Amino acid sequence: MSSAKKLQLQERVRLPRTAWKLADLAVLFLLLALLARRAASLLDLRVGGGGVAAAPPPCTWCWVAALVCEAWFTFVWLLNMNGKWSPVRFDTHPERLSERGDELPAVDMFVTTADPKLEPPAVTVNTVLSLLALDYPAGKLACYVSDDGCSAVICYALREAAGFAKLWVPFCKKHMVAVRAPFVYFSGAPAERTAADAEFRRDWTFMKNEYEKLVSRVENADEESLVRRGDGEFAEFLGADRRNHPTIIKVHDSRTELVPWLSTTCTYGAQHGFIILTHGLDAVVPRAYVRVQVLYDRRSKSSDASGDDGIPSLVYISREKSPRHHHHFKAGAMNVLARVSAVLTNAPIMLNVDCDMFANNPQVALHAMCLLLGFDDEVHSGFAQAPQKFYGALKDDPFGNQMQVMHEKLGFGIAGLQGFFYGGTGCFHRRKVIYGAPPDSSVDVQLRRMKGSPSYKELHKTFGSSKELIESARSIISGDIFPAPTGDLSSRISDAKEVSACSYEAGTCWGQKVGWVYGSMTEDILTGQRIHAAGWRSVLLKPDPPAFLGGAPTGGPASLTQYKRWATGLLEIIFSRNIPIIICVSTHLNFRQCLAYLVIKVWALRAPFEMCYALLGPYCLLTNQPFLPKVLPSAPSKRGFLIPVALFLTYNAYNLSEYMDCRLSARTWWNNHRMQRIVSSSAWLLAFLTVVLKTLGLSETVFEVTRKEPQSPTSDSDADPGRFTFDASPVFVPPTALAVLNVVAIAVGAWRVAVGVVPGGPGVGEFVCCGWLVLSLWPFVRGLVGKGSYGIPWSIKLKAGLLVAAFVHLCTRN
Ligand SMILES: O=c1ccn([C@@H]2O[C@H](COP(=O)(O)OP(=O)(O)O[C@H]3O[C@H](CO)[C@@H](O)[C@H](O)[C@H]3O)[C@@H](O)[C@H]2O)c(=O)[nH]1
Ligand SMILES: [Mn+2]
């Protein structure tokens, strides 16, 4: 018994939160009290009572609007409560993997990039290098990069990275480098060993030098001269338009490639199976770390025994594109990666990361295996998702997109339901789950068993016409343990090209029941939902140090574009055939998990309610009416006023304490609170309109790629990276208008007070609401007078001004 316990690879730990549950209930109680009070006042008015319990509302429709909005806020609060109610954490013990002697499954690692301008090639190179150097048998890893930008520079950068990896991977393993993205590693002084360790110092300086040369080659590479090079290596990119070109695939298989290179420059060294460079490069390459094991088959016994010394293969793919076929953005790219890897290496596990998400913890694959192999029934770990974390994050989260509290509170909470959401990056999938297979314990599998294994015809219909793909899919679905094609990868490029053709998916289940699901800008949530609906659970992968780190966008335009895409994609899911309630009753999606999904899916739907509520304050000040109970000397209405006051204070104290609990500053709380108001009135509102237009068939949604910051610090010293920036995008119109409107309303209200209060008019509450909004939208108030990118462009100011004028006119018409 005790030895079995000792070898447990993972533990599910319940996290207590009694005090938080009480606070949840307190806020809920206040929200319900507010609703009850409003409803009572409205009823009173209808029966013509104007009774003692509540002051009669003078502006009936304001009170009705407020009631509807507050009911919605209560609903959103309930959704959040459900998500956070019963959190769990998963602890992993990778050191026990070798103790248990489990055979590790092969992992195919996918990286997507889409635009060499927005996503600098050096960023992708760092991510790829961090993956190639993972602590995992190298013979069991292969890295695939999908380039939707069809850029010769990316292709060249990866070729250079593959060369550099031959030095970098052995260096990392020899010196047990902690973070294996070179740009992070070399941004500090050599701290791994004592300064006295001369060999390490020499290696370090050499590697840093090599890395700098790599970066300068990559950064100075130019599309034109690459494609016109004499040797024709990049000739396929000649005249290729990113929206219209055939598939390009390049394999950097270090096992076969090294041979000609080594034969001229190396002689065999003393160590068995290793080669030590002695000739030609001797002067520049210290002997110690160029130990390259060649000519072993990555799947053979010998590589399993000592498979740690090679370098994983690297494959570049730019899938075929044609204006006649929809390419489905990232989801389409992921499906091509799934198919190409199926015919090349067919690993049973797939890791997927965005191009800017490097592996920060070299043991991450081992931690993931603890979760994927560590349950008695694999239904518990359909996929293992690491929460998104960011490197070089700005202090106090000025753009409210580091999402620490959301991950800590909601993330652990959802991990305690059916499992954390698939987040599109930093996720280990089971290939068979991606192929749509239900968990072994489910009824569907029992039925299928009775029917026998799927026929060739069925597989053909599901996976498409490629024989190689069908065979590889059959072995994955029937659960052969580690099926893998053998032999040289380059010899199967034509199979890989066949499955990356843009017409391949026609008539198949790709994008629906198989692979990444189409139809939403947030393909990740939609795909994860399909997996949960099949009955799988998922696990939260949270090793220390964090598994992966990515870049969070900075500046107003990039942050709001990202929020807009997310909110659009999430609402697309609700408006598609995936209506939450229907999914919930017709599939294996748990009811509470379904509600947890709603927390984020309703982001865009929150916008109209929050906008309406935000307009009530200014409307009342402009028209001299109240929408909140007033502080009057008479006792009952005083009590009425206490409810919103208590709610305002409790709610904000609750949020602030959540930030404190996550060891974040009060400033971080305020910045996030402020961004919530800004995002709601800009990105979410536009997302709402976009989806409405799409549903009416009037427009299409597109995936706008987020700009990634270059990794070398910029020289612009007087720039303030935390300050909000603007451009002429329409997302900035509504918050600008809202900021101006509230300032105007406060001025009008104050003027009224100065000339003498009219009885029945607005009270302190309305002023506080408007003041709070002005503070929340302060970046926009500042932007009205700012210069350069810190200033709101005139076109936006003009449109916002017209909106404000129209609103004021409508309010004061009669
Ligand atoms: O046509 C496309 C568009 C995007 N991408 C890639 O998709 C990834 C995510 O794009 P990015 O612009 O970085 O979006 P983010 O908002 O940072 O991404 C988050 O949100 C996306 C859903 O909206 C998820 O797919 C991502 O995994 C998740 O990190 C990047 O690697 C892109 O190169 C493609 O491969 N093809
Ligand atoms: Mn990203």
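Thresholds, definitions, all that
- Residues numbered from 1 in each chain as written.
- Chains lettered and ligands numbered in written order.
- Predicted model: local features only at pLDDT ≥ 70, side-chain atom pairs only at ≥ 80, totals over all residues.
- Domains from an automatic or database assignment.
- Contact = placed C-beta atoms within 7 Å.
- Nonpolar A, V, L, I, M, F, W, Y, C, P; charged D, E, K, R; others polar.
- Near = placed C-beta within 6 Å.
- Helix = DSSP H or I, 4+ residues; strand = E, 2+ residues; numbered from the N terminus.
- Buried ≥ 20, exposed ≤ 12 C-beta atoms within 10 Å, placed from the backbone.
- UniProt positions renumbered as here; feature names shortened; annotations may be inferred.
- Core = buried A, V, L, I, M, F, W, Y, C linked by C-beta atoms within 7 Å.
- Pairing = 2+ DSSP bridges.
- Right-handed = clockwise from strand over helix to strand, strands pointing away.
- Axes fitted to C-alpha atoms, helices over the stretch in contact; angles between N-to-C directions.
- Parallel < 35°, antiparallel > 145°, perpendicular 65-115°, else oblique.
- Left-handed = near helix turned anticlockwise from the far one by under 90°.

1. Things to note about the domain arrangement of the protein
Along its sequence, the protein is carved into domain 1 (105–253 + 298–549) and domain 2 (602–702 + 723–812). Look at where the C-alpha atoms of domain 1 and domain 2 centre, and you get two points 42 Å apart. Opposite the 10 residues of domain 1 that make contact, domain 2 presents 12 residues. Residues that form the side of domain 1 that touches domain 2 fall into these classes: 4 nonpolar, 2 polar and 4 charged.

2. Let's talk about the site of ligand 1
In the region of ligand 1, 24 residues are neighbours, and Thr 112, Ala 114, Asp 354, Gly 424 and Thr 706 sit closest. Looking at the shell around ligand 1, the elements that each hand over two or more residues are strand 3 (107–113), helix 12 (329–344), helix 20 (523–533) and helix 21 (556–575). Residue composition of the shell around ligand 1, grouped by class: 8 nonpolar, 9 polar and 7 charged.

3. Side note on the environment of Leu 79
Position of Leu 79 among the secondary structure elements: in helix 3 (residues 60–84). Accessibility expressed as a C-beta count within 10 Å gives 18 for Leu 79, which makes it partly exposed. Each C-alpha atom, one on Leu 79 and one on Lys 140, is 42 Å from the other, the two residues being 61 residues apart in sequence. Sequence-distant contacts of Leu 79, that is, excluding residues within four places in its chain, are made with Leu 595, Leu 598 and Val 599.

4. Structural notes on the UniProt feature "transmembrane region" (unreviewed entry) in the protein
Here, UniProt's "transmembrane region" (unreviewed entry) annotation points to residues 640–657, 678–697, 731–751, 763–780 and 792–811. Overall, residues 678–697 shows 90% helix and 0% strand. The separation of its end C-alpha atoms is 28 Å. The distance from the first to the last C-alpha atom of residues 731–751 is 32 Å, and the span holds 90% helix and 0% strand.

5. Comments concerning the nonpolar core
Val 128, Cys 143 and Ala 604 are the most contacted members of the largest nonpolar core, which totals 200 residues. Among the elements that make up this core, the one with the highest residue count is helix 6 (residues 152–174) (16 residues). The two domains that each donate at least three residues to this core are domain 1 (105–253 + 298–549) and domain 2 (602–702 + 723–812). When neighbours within four sequence positions are excluded, Cys 143 is seen to be in contact with Met 109, Val 111, Val 128, Leu 131, Leu 132, Pro 312 and Leu 314. By size, the runner-up hydrophobic cluster in this structure holds 5 residues, among which are Val 27, Leu 31, Leu 34 and Ile 643.

6. What to know about the UniProt feature "binding site: Mn(2+)" (unreviewed entry) in the protein
Per the UniProt record, "binding site: Mn(2+)" (unreviewed entry) is annotated on Lys 330 and Asp 354. For the annotated residues, spread through 25 residues, the largest C-alpha to C-alpha distance comes to 9.7 Å, consistent with a single compact locus. What Lys 330 contacts, discounting residues up to four positions off in sequence, is Thr 112, Glu 523 and Phe 703. Examined against the element boundaries, Asp 354 turns out to sit in strand 9 (residues 349–354). Here Asp 354 is in contact with Thr 112, Thr 425 and Gly 550, once residues within four sequence places are set aside.

7. Some words on the pairing of strand 3
The element strand 3 is largely enclosed, with a buried count of 7 among its 7 residues. In this structure, strand 3 lies alongside strand 4 (residues 141–147), joined through 7 bridges in parallel fashion. Note on strand 4: the bridge partner recorded for Thr 113 is Asp 147. Each parallel crossover has a hand, and for strand 3 linked through helix 5 (residues 121–132) to strand 4 it is right-handed. By the bridge criterion, 6 bridges tie strand 3 to strand 9 in an arrangement that is parallel. When the bridges of strand 9 are listed, Met 109 appears paired with Leu 351.

8. A closer look at the sheet that holds strand 8 (residues 313–318)
Ordered in space as 5-8-4-3-9-12-11-13, the 8 strands form an open sheet in which the pairing is mixed. Taken across any chain shown, the strands that pair with only one partner, and hence form the sheet edges, are strand 5 (248–252) and strand 13 (538–540). The sheet shows a mean angle of 20° between the axes of neighbouring strands, taken without regard to direction. Contacts from helix 12 reach strand 3, strand 4, strand 8 and strand 9 within the one sheet, and its direction differs from that of strand 4 by about 140°.

9. Focus: the pairing of strand 8
Among the 6 residues that make up strand 8, 6 are buried, leaving the element largely enclosed by the rest of the structure. Sheet topology places strand 4 next to strand 8; 5 bridges connect them, and they run parallel. The residue bridging Ser 146 from the neighbouring strand is Ile 317, located in strand 8. With 5 bridges joining them, strand 5 and strand 8 adopt antiparallel strand pairing. Bridge pairing in strand 8 places Ile 248 opposite Ser 318.

10. Digging into the packing of helix 24 (residues 603–623) against helix 26 (residues 666–695)
Helix-helix packing is characterised by the crossing angle of the two axes and by the distance between the axes. Contact pair helix 24 / helix 26: the axes reach a minimum separation of 8 Å and the direction vectors enclose 120°. Between helix 24 and helix 26, the angle falls in the class oblique. Crossing handedness for the pair helix 24 and helix 26: left-handed. Here Trp 603, Ala 604, Leu 605, Arg 606, Ala 607, Pro 608, Glu 610, Met 611 and Ala 614 of helix 24 come into contact with helix 26, specifically with Ser 680, Ser 681, Trp 684, Leu 685, Ala 687, Phe 688 and Val 691. Its residues assigned to classes, the contact of helix 24 with helix 26 shows 12 nonpolar, 2 polar and 2 charged.

11. A few points about the packing of helix 24 against helix 28 (residues 764–776)
Relative to each other, helix 24 and helix 28 sit at 125°, their axes nearing to 9 Å. Judged by the angle between their axes, helix 24 and helix 28 are oblique. Helix-helix and strand crossings are classified by hand; for helix 24 and helix 28 the assignment is left-handed. When helix 24 is examined against helix 28, the residues Ala 614, Gly 617, Pro 618, Cys 620 and Leu 621 are found in contact with a partner set consisting of Glu 766, Cys 769, Cys 770 and Leu 773. Across the contact of helix 24 with helix 28, the residue classes break down as 7 nonpolar, 1 polar and 1 charged.

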